[in-house]
Number of protein chains: 2
Amino acid sequence: MSEQYTPPKKWVWEKENGGEWASLNRPIAGATHDKDLPRGAHPYQLYSLATPNGQKVTILFEELLEAGFAAEYDAWLIRIGDGDQFGSGFVEVNPNSKIPALMDYTGDKPVRIFESGAILMHLAEKYGAFLSTENRAEMLSWLMWQMGSAPYLGGGFGHFYAYAPYPMEYPIDRFTMEVKRQLDVLDRHLANSKFMVGDEYTIADIAIFPWYGRTVHGGSYDAAEFLDVGIYKNVIRWADEIAARPAVQRGQMVNRTSGDPSGQLHERHDASDFQTKTQDKIG
Amino acid sequence: MSEQYTPPKKWVWEKENGGEWASLNRPIAGATHDKDLPRGAHPYQLYSLATPNGQKVTILFEELLEAGFAAEYDAWLIRIGDGDQFGSGFVEVNPNSKIPALMDYTGDKPVRIFESGAILMHLAEKYGAFLSTENRAEMLSWLMWQMGSAPYLGGGFGHFYAYAPYPMEYPIDRFTMEVKRQLDVLDRHLANSKFMVGDEYTIADIAIFPWYGRTVHGGSYDAAEFLDVGIYKNVIRWADEIAARPAVQRGQMVNRTSGDPSGQLHERHDASDFQTKTQDKIG
(Lines give C-alpha, C1' and ligand atoms only; values in the text may rest on other atoms or scores of the structure.)
Protein backbone atom coordinates (compact mmCIF):
# COMPACT_ATOMS: atom_id res chain seq x y z
CA MET A 1 0.00 0.00 0.00
CA SER A 2 2.95 2.40 -0.04
CA GLU A 3 4.71 4.10 -2.94
CA GLN A 4 8.34 5.16 -2.86
CA TYR A 5 7.64 8.87 -3.17
CA THR A 6 8.20 11.90 -0.96
CA PRO A 7 6.83 15.22 -2.25
CA PRO A 8 9.49 17.91 -2.62
CA LYS A 9 9.38 21.08 -0.53
CA LYS A 10 8.43 23.04 -3.61
CA TRP A 11 6.72 21.49 -6.61
CA VAL A 12 8.45 21.79 -10.00
CA TRP A 13 6.76 21.41 -13.37
CA GLU A 14 8.23 18.45 -15.24
CA LYS A 15 6.74 17.86 -18.66
CA GLU A 16 6.79 14.12 -18.48
CA ASN A 17 4.24 11.46 -19.25
CA GLY A 18 0.93 12.26 -17.64
CA GLY A 19 -1.54 10.21 -19.63
CA GLU A 20 -3.69 10.94 -22.62
CA TRP A 21 -4.21 14.65 -22.03
CA ALA A 22 -0.80 15.41 -20.56
CA SER A 23 0.43 17.71 -23.33
CA LEU A 24 -2.58 19.99 -22.74
CA ASN A 25 -2.22 20.36 -18.99
CA ARG A 26 -0.16 23.31 -17.78
CA PRO A 27 0.33 25.00 -14.39
CA ILE A 28 -0.07 28.42 -16.02
CA ALA A 29 -3.03 30.15 -17.67
CA GLY A 30 -3.28 32.46 -20.67
CA ALA A 31 -2.97 32.10 -24.43
CA THR A 32 -0.25 30.07 -26.11
CA HIS A 33 -0.82 31.46 -29.62
CA ASP A 34 -2.63 34.24 -31.47
CA LYS A 35 -5.85 33.14 -33.08
CA ASP A 36 -9.08 35.06 -33.59
CA LEU A 37 -12.39 33.29 -33.21
CA PRO A 38 -14.78 33.03 -36.16
CA ARG A 39 -18.10 34.85 -35.98
CA GLY A 40 -21.31 33.91 -37.77
CA ALA A 41 -24.61 35.64 -38.47
CA HIS A 42 -26.58 34.81 -35.32
CA PRO A 43 -26.82 36.76 -32.05
CA TYR A 44 -25.23 33.90 -30.10
CA GLN A 45 -21.77 32.56 -30.90
CA LEU A 46 -20.93 29.33 -29.12
CA TYR A 47 -17.39 27.92 -29.02
CA SER A 48 -17.57 24.37 -27.80
CA LEU A 49 -17.21 20.62 -28.19
CA ALA A 50 -19.73 17.84 -27.49
CA THR A 51 -18.35 16.81 -24.13
CA PRO A 52 -20.99 16.58 -21.36
CA ASN A 53 -20.36 20.24 -20.44
CA GLY A 54 -20.66 21.26 -24.07
CA GLN A 55 -23.86 19.27 -24.55
CA LYS A 56 -25.61 21.05 -21.69
CA VAL A 57 -25.55 24.28 -23.70
CA THR A 58 -26.43 22.89 -27.13
CA ILE A 59 -29.34 20.97 -25.57
CA LEU A 60 -30.65 24.17 -23.98
CA PHE A 61 -30.31 26.11 -27.26
CA GLU A 62 -32.23 23.39 -29.11
CA GLU A 63 -34.89 23.30 -26.37
CA LEU A 64 -35.29 27.09 -26.59
CA LEU A 65 -35.66 26.90 -30.37
CA GLU A 66 -38.09 23.96 -30.06
CA ALA A 67 -40.16 26.06 -27.65
CA GLY A 68 -40.33 28.90 -30.18
CA PHE A 69 -37.80 31.36 -28.77
CA ALA A 70 -35.56 33.29 -31.17
CA ALA A 71 -32.36 31.81 -29.73
CA GLU A 72 -30.57 31.17 -33.02
CA TYR A 73 -26.92 30.36 -32.61
CA ASP A 74 -23.73 29.49 -34.42
CA ALA A 75 -21.85 26.62 -32.80
CA TRP A 76 -18.14 26.56 -33.66
CA LEU A 77 -15.89 23.62 -32.99
CA ILE A 78 -13.10 23.95 -30.44
CA ARG A 79 -10.80 20.93 -30.76
CA ILE A 80 -9.40 20.69 -27.24
CA GLY A 81 -7.08 17.87 -28.27
CA ASP A 82 -5.40 20.32 -30.63
CA GLY A 83 -5.18 23.14 -28.06
CA ASP A 84 -7.77 25.46 -29.65
CA GLN A 85 -8.79 26.55 -26.14
CA PHE A 86 -5.41 28.25 -25.73
CA GLY A 87 -5.86 30.57 -28.72
CA SER A 88 -5.92 34.27 -27.88
CA GLY A 89 -9.49 34.78 -29.09
CA PHE A 90 -10.82 31.91 -27.03
CA VAL A 91 -8.99 33.02 -23.89
CA GLU A 92 -10.64 36.45 -24.21
CA VAL A 93 -14.04 34.76 -24.02
CA ASN A 94 -12.99 32.27 -21.36
CA PRO A 95 -9.80 33.02 -19.42
CA ASN A 96 -10.13 29.54 -17.92
CA SER A 97 -9.52 27.88 -21.34
CA LYS A 98 -12.36 25.37 -21.07
CA ILE A 99 -15.34 24.73 -23.30
CA PRO A 100 -18.12 25.82 -23.57
CA ALA A 101 -17.75 29.58 -23.98
CA LEU A 102 -20.40 31.92 -25.34
CA MET A 103 -20.58 35.43 -26.79
CA ASP A 104 -23.99 37.09 -26.51
CA TYR A 105 -24.50 39.90 -29.04
CA THR A 106 -28.21 40.43 -28.30
CA GLY A 107 -27.73 43.54 -26.14
CA ASP A 108 -26.19 46.99 -26.42
CA LYS A 109 -22.71 45.61 -25.99
CA PRO A 110 -21.26 42.12 -26.39
CA VAL A 111 -21.22 39.95 -23.28
CA ARG A 112 -19.01 36.93 -22.64
CA ILE A 113 -20.20 34.00 -20.53
CA PHE A 114 -18.16 30.95 -19.55
CA GLU A 115 -18.78 27.84 -17.44
CA SER A 116 -21.66 25.68 -18.63
CA GLY A 117 -23.71 26.33 -15.49
CA ALA A 118 -23.45 30.09 -15.97
CA ILE A 119 -24.45 29.83 -19.63
CA LEU A 120 -27.51 27.77 -18.65
CA MET A 121 -28.55 30.39 -16.08
CA HIS A 122 -27.91 33.28 -18.48
CA LEU A 123 -30.00 31.84 -21.31
CA ALA A 124 -32.80 30.46 -19.15
CA GLU A 125 -33.20 33.78 -17.33
CA LYS A 126 -33.11 35.74 -20.57
CA TYR A 127 -36.10 33.81 -21.95
CA GLY A 128 -37.77 32.95 -18.66
CA ALA A 129 -37.77 29.32 -19.75
CA PHE A 130 -36.67 26.01 -18.26
CA LEU A 131 -36.52 27.63 -14.83
CA SER A 132 -38.61 26.29 -11.99
CA THR A 133 -41.65 28.45 -11.31
CA GLU A 134 -42.51 26.49 -8.17
CA ASN A 135 -39.21 26.16 -6.38
CA ARG A 136 -36.23 28.19 -7.57
CA ALA A 137 -34.22 27.22 -4.47
CA GLU A 138 -34.52 23.53 -5.31
CA MET A 139 -33.50 24.21 -8.92
CA LEU A 140 -30.46 26.21 -7.84
CA SER A 141 -29.51 23.49 -5.37
CA TRP A 142 -29.47 20.73 -7.98
CA LEU A 143 -27.82 22.90 -10.62
CA MET A 144 -25.02 23.72 -8.20
CA TRP A 145 -24.92 20.07 -7.08
CA GLN A 146 -24.09 19.13 -10.64
CA MET A 147 -21.36 21.78 -10.93
CA GLY A 148 -19.66 20.64 -7.73
CA SER A 149 -20.18 16.89 -8.22
CA ALA A 150 -19.26 16.23 -11.85
CA PRO A 151 -15.55 17.01 -11.34
CA TYR A 152 -15.45 13.79 -9.32
CA LEU A 153 -17.05 11.92 -12.23
CA GLY A 154 -14.98 13.50 -15.02
CA GLY A 155 -11.70 14.80 -13.62
CA GLY A 156 -11.66 12.15 -10.90
CA PHE A 157 -13.21 8.82 -11.92
CA GLY A 158 -13.00 9.29 -15.69
CA HIS A 159 -9.40 10.39 -15.60
CA PHE A 160 -8.10 7.61 -13.38
CA TYR A 161 -10.28 4.87 -14.88
CA ALA A 162 -9.83 5.71 -18.56
CA TYR A 163 -7.06 8.24 -19.22
CA ALA A 164 -4.26 7.97 -16.65
CA PRO A 165 -1.03 6.34 -17.87
CA TYR A 166 -1.45 3.27 -15.64
CA PRO A 167 -4.18 1.97 -13.29
CA MET A 168 -3.87 3.23 -9.72
CA GLU A 169 -5.96 1.36 -7.17
CA TYR A 170 -6.40 4.01 -4.50
CA PRO A 171 -7.57 6.89 -6.77
CA ILE A 172 -9.86 4.56 -8.73
CA ASP A 173 -11.40 3.27 -5.49
CA ARG A 174 -11.81 6.78 -4.11
CA PHE A 175 -13.54 8.23 -7.14
CA THR A 176 -15.62 5.13 -7.87
CA MET A 177 -17.02 5.27 -4.34
CA GLU A 178 -17.94 8.94 -4.79
CA VAL A 179 -19.51 8.49 -8.24
CA LYS A 180 -21.64 5.60 -6.98
CA ARG A 181 -22.71 7.72 -4.02
CA GLN A 182 -23.69 10.54 -6.37
CA LEU A 183 -25.68 8.15 -8.56
CA ASP A 184 -27.46 6.89 -5.45
CA VAL A 185 -28.26 10.48 -4.40
CA LEU A 186 -29.95 10.96 -7.77
CA ASP A 187 -31.65 7.57 -7.68
CA ARG A 188 -33.25 8.18 -4.30
CA HIS A 189 -34.38 11.66 -5.34
CA LEU A 190 -35.84 10.48 -8.64
CA ALA A 191 -37.74 7.68 -6.90
CA ASN A 192 -40.24 10.34 -5.82
CA SER A 193 -39.82 13.03 -8.45
CA LYS A 194 -40.46 12.97 -12.20
CA PHE A 195 -37.71 15.49 -12.92
CA MET A 196 -35.08 16.99 -10.62
CA VAL A 197 -37.55 19.68 -9.52
CA GLY A 198 -40.89 17.92 -9.31
CA ASP A 199 -42.84 17.85 -12.56
CA GLU A 200 -40.90 20.74 -14.11
CA TYR A 201 -38.21 20.02 -16.70
CA THR A 202 -35.56 22.65 -15.95
CA ILE A 203 -31.91 23.54 -16.48
CA ALA A 204 -31.16 21.30 -13.49
CA ASP A 205 -32.16 18.30 -15.64
CA ILE A 206 -30.32 19.73 -18.63
CA ALA A 207 -27.17 20.10 -16.52
CA ILE A 208 -27.31 16.65 -14.93
CA PHE A 209 -28.42 14.56 -17.93
CA PRO A 210 -25.25 14.77 -20.09
CA TRP A 211 -23.10 13.59 -17.18
CA TYR A 212 -25.20 11.17 -15.16
CA GLY A 213 -27.75 10.18 -17.79
CA ARG A 214 -24.87 9.28 -20.07
CA THR A 215 -23.30 7.25 -17.27
CA VAL A 216 -26.38 5.11 -16.60
CA HIS A 217 -26.81 4.67 -20.34
CA GLY A 218 -23.33 3.10 -20.34
CA GLY A 219 -21.65 5.86 -22.32
CA SER A 220 -19.15 7.12 -19.77
CA TYR A 221 -15.65 5.67 -20.04
CA ASP A 222 -16.89 2.13 -20.90
CA ALA A 223 -17.56 1.73 -17.20
CA ALA A 224 -21.16 0.48 -17.16
CA GLU A 225 -20.27 -2.91 -15.71
CA PHE A 226 -17.58 -1.56 -13.39
CA LEU A 227 -20.03 0.96 -11.88
CA ASP A 228 -22.94 -1.51 -12.01
CA VAL A 229 -25.13 1.23 -13.47
CA GLY A 230 -28.16 -1.05 -13.92
CA ILE A 231 -29.06 -0.74 -10.24
CA TYR A 232 -29.91 2.98 -10.59
CA LYS A 233 -33.35 2.29 -12.02
CA ASN A 234 -34.90 5.67 -11.27
CA VAL A 235 -32.00 7.49 -12.92
CA ILE A 236 -32.40 5.23 -15.96
CA ARG A 237 -36.16 5.98 -16.15
CA TRP A 238 -35.45 9.73 -15.96
CA ALA A 239 -32.59 9.55 -18.46
CA ASP A 240 -34.70 7.54 -20.92
CA GLU A 241 -37.40 10.20 -20.84
CA ILE A 242 -34.98 13.05 -21.43
CA ALA A 243 -33.04 11.18 -24.13
CA ALA A 244 -36.28 10.80 -26.12
CA ARG A 245 -36.78 14.57 -26.48
CA PRO A 246 -36.06 15.77 -30.05
CA ALA A 247 -34.18 18.86 -28.82
CA VAL A 248 -31.95 16.68 -26.66
CA GLN A 249 -31.17 14.43 -29.60
CA ARG A 250 -30.23 17.42 -31.75
CA GLY A 251 -28.26 19.06 -28.95
CA GLN A 252 -26.14 15.96 -28.49
CA MET A 253 -25.15 16.00 -32.19
CA VAL A 254 -23.77 19.54 -32.21
CA ASN A 255 -19.95 19.84 -32.11
CA ARG A 256 -19.66 16.07 -31.88
CA THR A 257 -16.51 14.61 -33.42
CA SER A 258 -16.63 11.01 -32.23
CA GLY A 259 -18.90 8.00 -32.46
CA ASP A 260 -21.29 7.19 -35.30
CA PRO A 261 -20.68 9.71 -38.14
CA SER A 262 -24.45 10.09 -38.66
CA GLY A 263 -24.65 11.55 -35.16
CA GLN A 264 -21.93 14.14 -35.75
CA LEU A 265 -22.69 17.73 -36.69
CA HIS A 266 -19.27 19.35 -36.35
CA GLU A 267 -20.69 22.85 -36.64
CA ARG A 268 -24.22 24.17 -36.38
CA HIS A 269 -25.23 27.40 -38.13
CA ASP A 270 -28.86 26.76 -39.06
CA ALA A 271 -31.72 24.48 -38.10
CA SER A 272 -31.44 22.85 -41.52
CA ASP A 273 -27.88 21.73 -40.74
CA PHE A 274 -29.29 18.73 -38.92
CA GLN A 275 -30.66 17.53 -42.24
CA THR A 276 -27.89 18.54 -44.60
CA LYS A 277 -25.09 17.83 -42.13
CA THR A 278 -22.38 20.11 -43.44
CA GLN A 279 -19.56 18.36 -41.70
CA ASP A 280 -16.46 20.07 -40.48
CA LYS A 281 -16.69 23.27 -42.51
CA ILE A 282 -13.47 24.66 -41.11
CA GLY A 283 -11.78 21.29 -40.56
CA MET B 1 5.76 4.28 -13.28
CA SER B 2 3.48 1.22 -13.10
CA GLU B 3 1.51 -0.19 -10.21
CA GLN B 4 0.61 -3.86 -9.93
CA TYR B 5 -3.13 -3.37 -10.18
CA THR B 6 -5.81 -4.37 -12.64
CA PRO B 7 -9.31 -3.05 -12.00
CA PRO B 8 -11.94 -5.79 -11.60
CA LYS B 9 -14.81 -6.11 -14.07
CA LYS B 10 -17.19 -4.88 -11.41
CA TRP B 11 -16.11 -2.71 -8.50
CA VAL B 12 -16.81 -4.01 -4.98
CA TRP B 13 -16.93 -1.90 -1.85
CA GLU B 14 -14.20 -2.94 0.56
CA LYS B 15 -14.15 -0.99 3.80
CA GLU B 16 -10.39 -0.86 4.08
CA ASN B 17 -7.95 1.92 4.79
CA GLY B 18 -8.72 4.97 2.70
CA GLY B 19 -7.02 7.76 4.57
CA GLU B 20 -8.21 10.22 7.17
CA TRP B 21 -11.86 10.46 6.07
CA ALA B 22 -12.25 6.84 4.98
CA SER B 23 -14.84 5.85 7.56
CA LEU B 24 -17.15 8.63 6.30
CA ASN B 25 -17.00 7.77 2.61
CA ARG B 26 -19.67 5.41 1.32
CA PRO B 27 -20.87 4.40 -2.16
CA ILE B 28 -24.49 4.81 -1.04
CA ALA B 29 -26.54 7.84 -0.04
CA GLY B 30 -29.23 8.36 2.61
CA ALA B 31 -29.38 8.56 6.38
CA THR B 32 -27.46 6.19 8.65
CA HIS B 33 -29.33 7.11 11.83
CA ASP B 34 -32.41 8.98 13.08
CA LYS B 35 -31.67 12.44 14.38
CA ASP B 36 -33.77 15.59 14.20
CA LEU B 37 -32.10 18.92 13.61
CA PRO B 38 -32.33 21.68 16.23
CA ARG B 39 -34.24 24.86 15.38
CA GLY B 40 -33.66 28.31 16.82
CA ALA B 41 -35.62 31.56 16.86
CA HIS B 42 -34.45 33.15 13.60
CA PRO B 43 -35.95 32.87 10.10
CA TYR B 44 -32.79 31.21 8.76
CA GLN B 45 -31.44 27.97 10.19
CA LEU B 46 -27.97 27.09 8.96
CA TYR B 47 -26.43 23.65 9.52
CA SER B 48 -22.75 23.87 8.75
CA LEU B 49 -19.07 23.78 9.65
CA ALA B 50 -16.33 26.35 8.98
CA THR B 51 -14.80 24.60 5.98
CA PRO B 52 -14.31 26.88 2.95
CA ASN B 53 -17.77 25.93 1.67
CA GLY B 54 -19.29 26.64 5.06
CA GLN B 55 -17.51 29.98 5.37
CA LYS B 56 -18.97 31.24 2.10
CA VAL B 57 -22.42 31.26 3.66
CA THR B 58 -21.54 32.65 7.08
CA ILE B 59 -19.55 35.44 5.42
CA LEU B 60 -22.55 36.36 3.27
CA PHE B 61 -24.90 36.33 6.29
CA GLU B 62 -22.54 38.61 8.19
CA GLU B 63 -22.17 40.90 5.16
CA LEU B 64 -25.97 41.13 4.85
CA LEU B 65 -26.31 41.98 8.54
CA GLU B 66 -23.45 44.50 8.29
CA ALA B 67 -25.29 46.13 5.37
CA GLY B 68 -28.44 46.47 7.48
CA PHE B 69 -30.61 43.64 6.12
CA ALA B 70 -32.73 41.62 8.53
CA ALA B 71 -30.96 38.36 7.73
CA GLU B 72 -30.69 37.03 11.27
CA TYR B 73 -29.69 33.40 11.46
CA ASP B 74 -28.95 30.54 13.77
CA ALA B 75 -25.81 28.63 12.80
CA TRP B 76 -25.73 25.07 14.14
CA LEU B 77 -22.63 22.91 14.16
CA ILE B 78 -22.50 19.80 11.98
CA ARG B 79 -19.49 17.74 12.98
CA ILE B 80 -18.72 15.92 9.74
CA GLY B 81 -15.95 13.92 11.42
CA ASP B 82 -18.65 12.41 13.65
CA GLY B 83 -21.07 11.73 10.79
CA ASP B 84 -23.70 14.35 11.72
CA GLN B 85 -24.34 14.85 8.00
CA PHE B 86 -25.83 11.35 7.82
CA GLY B 87 -28.54 12.05 10.42
CA SER B 88 -32.10 11.79 9.10
CA GLY B 89 -32.91 15.44 9.76
CA PHE B 90 -29.85 16.67 7.91
CA VAL B 91 -30.46 14.38 4.93
CA GLU B 92 -33.96 15.87 4.61
CA VAL B 93 -32.40 19.30 4.17
CA ASN B 94 -29.53 18.07 2.01
CA PRO B 95 -29.90 14.62 0.44
CA ASN B 96 -26.25 14.94 -0.64
CA SER B 97 -25.05 14.88 3.03
CA LYS B 98 -22.63 17.80 2.70
CA ILE B 99 -22.41 21.07 4.58
CA PRO B 100 -23.63 23.79 4.32
CA ALA B 101 -27.41 23.27 4.30
CA LEU B 102 -30.01 25.94 4.98
CA MET B 103 -33.69 26.10 5.96
CA ASP B 104 -35.42 29.35 5.00
CA TYR B 105 -38.56 30.02 7.06
CA THR B 106 -39.15 33.57 5.76
CA GLY B 107 -41.91 32.63 3.31
CA ASP B 108 -45.30 30.96 3.36
CA LYS B 109 -43.75 27.53 3.57
CA PRO B 110 -40.29 26.33 4.62
CA VAL B 111 -37.72 26.03 1.83
CA ARG B 112 -34.56 23.93 1.88
CA ILE B 113 -31.41 25.00 0.02
CA PHE B 114 -28.18 23.04 -0.29
CA GLU B 115 -24.84 23.56 -2.06
CA SER B 116 -22.98 26.68 -1.00
CA GLY B 117 -23.28 28.28 -4.43
CA ALA B 118 -27.06 27.87 -4.40
CA ILE B 119 -27.34 29.34 -0.90
CA LEU B 120 -25.29 32.37 -2.00
CA MET B 121 -27.58 32.92 -5.01
CA HIS B 122 -30.72 32.42 -2.93
CA LEU B 123 -29.77 34.94 -0.25
CA ALA B 124 -28.20 37.52 -2.57
CA GLU B 125 -31.27 37.48 -4.83
CA LYS B 126 -33.65 37.71 -1.88
CA TYR B 127 -32.05 40.96 -0.68
CA GLY B 128 -30.80 42.22 -4.03
CA ALA B 129 -27.37 42.57 -2.49
CA PHE B 130 -23.84 41.47 -3.39
CA LEU B 131 -24.98 40.81 -6.94
CA SER B 132 -23.36 42.59 -9.86
CA THR B 133 -25.53 45.39 -11.20
CA GLU B 134 -23.19 45.96 -14.15
CA ASN B 135 -22.51 42.48 -15.42
CA ARG B 136 -24.55 39.57 -14.12
CA ALA B 137 -23.11 37.21 -16.78
CA GLU B 138 -19.57 37.82 -15.51
CA MET B 139 -20.69 37.26 -11.92
CA LEU B 140 -22.41 33.99 -12.82
CA SER B 141 -19.34 32.88 -14.78
CA TRP B 142 -16.96 33.33 -11.86
CA LEU B 143 -19.41 31.91 -9.33
CA MET B 144 -19.78 28.79 -11.45
CA TRP B 145 -16.02 28.74 -12.07
CA GLN B 146 -15.54 28.43 -8.32
CA MET B 147 -18.08 25.61 -8.02
CA GLY B 148 -16.46 23.60 -10.78
CA SER B 149 -12.84 24.38 -9.91
CA ALA B 150 -12.62 23.97 -6.14
CA PRO B 151 -13.18 20.18 -6.24
CA TYR B 152 -9.71 20.00 -7.81
CA LEU B 153 -8.31 22.06 -4.93
CA GLY B 154 -10.18 20.29 -2.11
CA GLY B 155 -11.13 16.78 -3.20
CA GLY B 156 -8.15 16.54 -5.54
CA PHE B 157 -5.06 18.40 -4.32
CA GLY B 158 -6.02 18.64 -0.66
CA HIS B 159 -6.95 14.99 -0.42
CA PHE B 160 -3.85 13.59 -2.08
CA TYR B 161 -1.42 16.08 -0.53
CA ALA B 162 -2.72 16.06 3.03
CA TYR B 163 -5.21 13.27 3.74
CA ALA B 164 -4.48 10.19 1.61
CA PRO B 165 -2.93 7.21 3.43
CA TYR B 166 0.41 7.53 1.58
CA PRO B 167 1.90 9.99 -0.93
CA MET B 168 1.15 9.17 -4.56
CA GLU B 169 3.25 11.01 -7.12
CA TYR B 170 0.96 10.98 -10.14
CA PRO B 171 -2.23 12.26 -8.42
CA ILE B 172 -0.26 14.90 -6.48
CA ASP B 173 1.37 16.10 -9.71
CA ARG B 174 -1.92 16.13 -11.57
CA PHE B 175 -3.84 18.16 -9.01
CA THR B 176 -0.94 20.48 -8.17
CA MET B 177 -0.67 21.41 -11.83
CA GLU B 178 -4.39 22.18 -11.98
CA VAL B 179 -4.48 24.18 -8.74
CA LYS B 180 -1.54 26.30 -9.89
CA ARG B 181 -3.28 26.86 -13.22
CA GLN B 182 -6.43 27.98 -11.38
CA LEU B 183 -4.42 30.37 -9.18
CA ASP B 184 -2.83 31.80 -12.32
CA VAL B 185 -6.27 32.27 -13.92
CA LEU B 186 -7.27 34.33 -10.89
CA ASP B 187 -3.96 36.19 -10.77
CA ARG B 188 -4.19 37.32 -14.40
CA HIS B 189 -7.82 38.37 -13.96
CA LEU B 190 -7.15 40.30 -10.76
CA ALA B 191 -4.21 42.14 -12.38
CA ASN B 192 -6.81 44.32 -14.10
CA SER B 193 -9.80 44.08 -11.80
CA LYS B 194 -10.27 45.19 -8.20
CA PHE B 195 -12.75 42.42 -7.44
CA MET B 196 -13.83 39.44 -9.53
CA VAL B 197 -16.45 41.60 -11.29
CA GLY B 198 -14.80 44.98 -11.71
CA ASP B 199 -15.24 47.33 -8.77
CA GLU B 200 -18.23 45.43 -7.37
CA TYR B 201 -17.78 43.14 -4.37
CA THR B 202 -20.17 40.26 -5.08
CA ILE B 203 -20.98 36.68 -4.19
CA ALA B 204 -18.32 35.68 -6.75
CA ASP B 205 -15.68 37.11 -4.39
CA ILE B 206 -17.43 35.58 -1.38
CA ALA B 207 -17.38 32.17 -3.09
CA ILE B 208 -13.76 32.30 -4.23
CA PHE B 209 -12.15 33.91 -1.17
CA PRO B 210 -12.52 31.04 1.36
CA TRP B 211 -10.88 28.60 -1.07
CA TYR B 212 -8.28 30.55 -3.03
CA GLY B 213 -7.75 33.47 -0.66
CA ARG B 214 -7.04 30.96 2.08
CA THR B 215 -4.61 29.16 -0.20
CA VAL B 216 -2.52 32.25 -1.01
CA HIS B 217 -2.60 33.16 2.67
CA GLY B 218 -0.91 29.82 3.34
CA GLY B 219 -3.85 28.25 5.15
CA SER B 220 -4.65 25.37 2.82
CA TYR B 221 -3.10 22.01 3.72
CA ASP B 222 0.24 23.55 4.85
CA ALA B 223 1.10 23.77 1.16
CA ALA B 224 2.21 27.40 0.82
CA GLU B 225 5.80 26.52 -0.05
CA PHE B 226 4.86 23.49 -2.15
CA LEU B 227 2.49 25.59 -4.27
CA ASP B 228 4.80 28.63 -4.21
CA VAL B 229 1.79 30.83 -3.41
CA GLY B 230 3.86 34.01 -3.08
CA ILE B 231 4.01 34.43 -6.86
CA TYR B 232 0.26 35.10 -7.10
CA LYS B 233 0.60 38.74 -6.05
CA ASN B 234 -2.70 39.96 -7.43
CA VAL B 235 -4.61 37.21 -5.66
CA ILE B 236 -2.81 38.13 -2.44
CA ARG B 237 -3.71 41.83 -2.86
CA TRP B 238 -7.36 40.90 -3.42
CA ALA B 239 -7.41 38.38 -0.56
CA ASP B 240 -5.84 40.89 1.84
CA GLU B 241 -8.55 43.42 1.06
CA ILE B 242 -11.36 40.93 1.59
CA ALA B 243 -9.80 39.48 4.75
CA ALA B 244 -9.82 42.94 6.33
CA ARG B 245 -13.62 43.27 6.13
CA PRO B 246 -15.26 42.94 9.59
CA ALA B 247 -18.07 40.75 8.24
CA VAL B 248 -15.54 38.40 6.68
CA GLN B 249 -13.68 38.13 9.96
CA ARG B 250 -16.90 37.31 11.82
CA GLY B 251 -18.07 34.90 9.13
CA GLN B 252 -14.85 32.91 9.36
CA MET B 253 -15.35 32.40 13.11
CA VAL B 254 -18.79 30.84 12.87
CA ASN B 255 -18.94 27.03 13.25
CA ARG B 256 -15.15 26.93 13.53
CA THR B 257 -13.79 24.08 15.65
CA SER B 258 -10.08 24.26 14.93
CA GLY B 259 -7.23 26.73 15.22
CA ASP B 260 -6.88 29.49 17.81
CA PRO B 261 -9.74 29.10 20.37
CA SER B 262 -10.32 32.88 20.33
CA GLY B 263 -11.33 32.55 16.67
CA GLN B 264 -13.85 29.78 17.28
CA LEU B 265 -17.56 30.44 17.64
CA HIS B 266 -18.99 26.93 17.56
CA GLU B 267 -22.56 28.18 17.21
CA ARG B 268 -23.96 31.57 16.32
CA HIS B 269 -27.41 32.61 17.48
CA ASP B 270 -27.07 36.34 18.01
CA ALA B 271 -24.80 39.19 16.96
CA SER B 272 -23.62 39.44 20.57
CA ASP B 273 -22.26 35.89 20.43
CA PHE B 274 -19.10 37.23 18.82
CA GLN B 275 -18.42 39.08 22.06
CA THR B 276 -19.59 36.55 24.60
CA LYS B 277 -18.42 33.51 22.64
CA THR B 278 -20.73 30.85 24.03
CA GLN B 279 -18.62 27.96 22.92
CA ASP B 280 -20.05 24.62 21.93
CA LYS B 281 -23.49 24.87 23.51
CA ILE B 282 -24.50 21.42 22.37
CA GLY B 283 -20.97 19.91 22.42
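All values derive from a computational prediction rather than experimental measurement.

Peer 1: How would you explain the pattern of salt bridges if you had to name every residue and give the values?
Peer 2: Inspection of the entire model under this criterion finds 26 salt bridges over all chains. For Asp104(A), the salt bridge is made with Lys126(A), and the minimal N-O distance between the two is 2.7 Å. Of the two residues, Asp104(A) sits in strand S3 (residues 101-104) while Lys126(A) sits in helix H3 (residues 116-127), which places them 22 residues apart along the sequence. Where Glu63(B) meets Arg245(B), a salt bridge forms, and the shortest distance between an N and an O atom there is 2.8 Å. With Glu63(B) in helix H1 (residues 52-66) and Arg245(B) in the loop between helix H8 (233-243) and helix H9 (246-253), this residue pair connects regions lying 182 residues apart in the sequence. Given a relative accessible area of 2%, Glu63(B) falls into the buried group. Classification of Arg245(B) as partly exposed rests on a relative accessible area of 26%.

Peer 1: I'd love a proper account of the interface of chain B and chain A, names of residues and values included.
Peer 2: Chain B puts 74 residues into the contact, and the matching count from chain A is 74 residues. Summed over both partners, the interface of chain B with chain A comes to about 6900 Å²; 62% of that surface belongs to carbon and sulfur atoms. When the buried surface of chain B facing chain A is broken down by residue, Trp11(B), Met144(B) and Tyr170(B) rank first, second and third, together holding 12% of it. For the interface between chain B and chain A, the tally reads 6 salt bridges. In this structure, Glu125(A) engages Arg136(B) in a salt bridge whose closest nitrogen and oxygen atoms are separated by 2.8 Å. The interface formed by chain B and chain A contains 29 residue pairs in polar contact (both at pLDDT 80 or more).

Reading guide: rules and limits
Residues numbered from 1 in each chain as written. Chains lettered and ligands numbered in written order. Predicted model: local features only at pLDDT ≥ 70, side-chain atom pairs only at ≥ 80, totals over all residues. Heavy atoms only, no water. Salt bridge = Lys/Arg side-chain N within 4 Å of Asp/Glu carboxyl O. Helix = DSSP H or I, 4+ residues; strand = E, 2+ residues; numbered from the N terminus. Buried < 20%, exposed > 50% of the residue type's maximum accessible area, 1.4 Å probe, protein only. Contact = heavy atoms within 4.5 Å. Buried area = accessible area lost by both parts, 1.4 Å probe. Polar contact = N/O pair within 3.5 Å; in protein donor to acceptor, adjacent residues only side chain to side chain.

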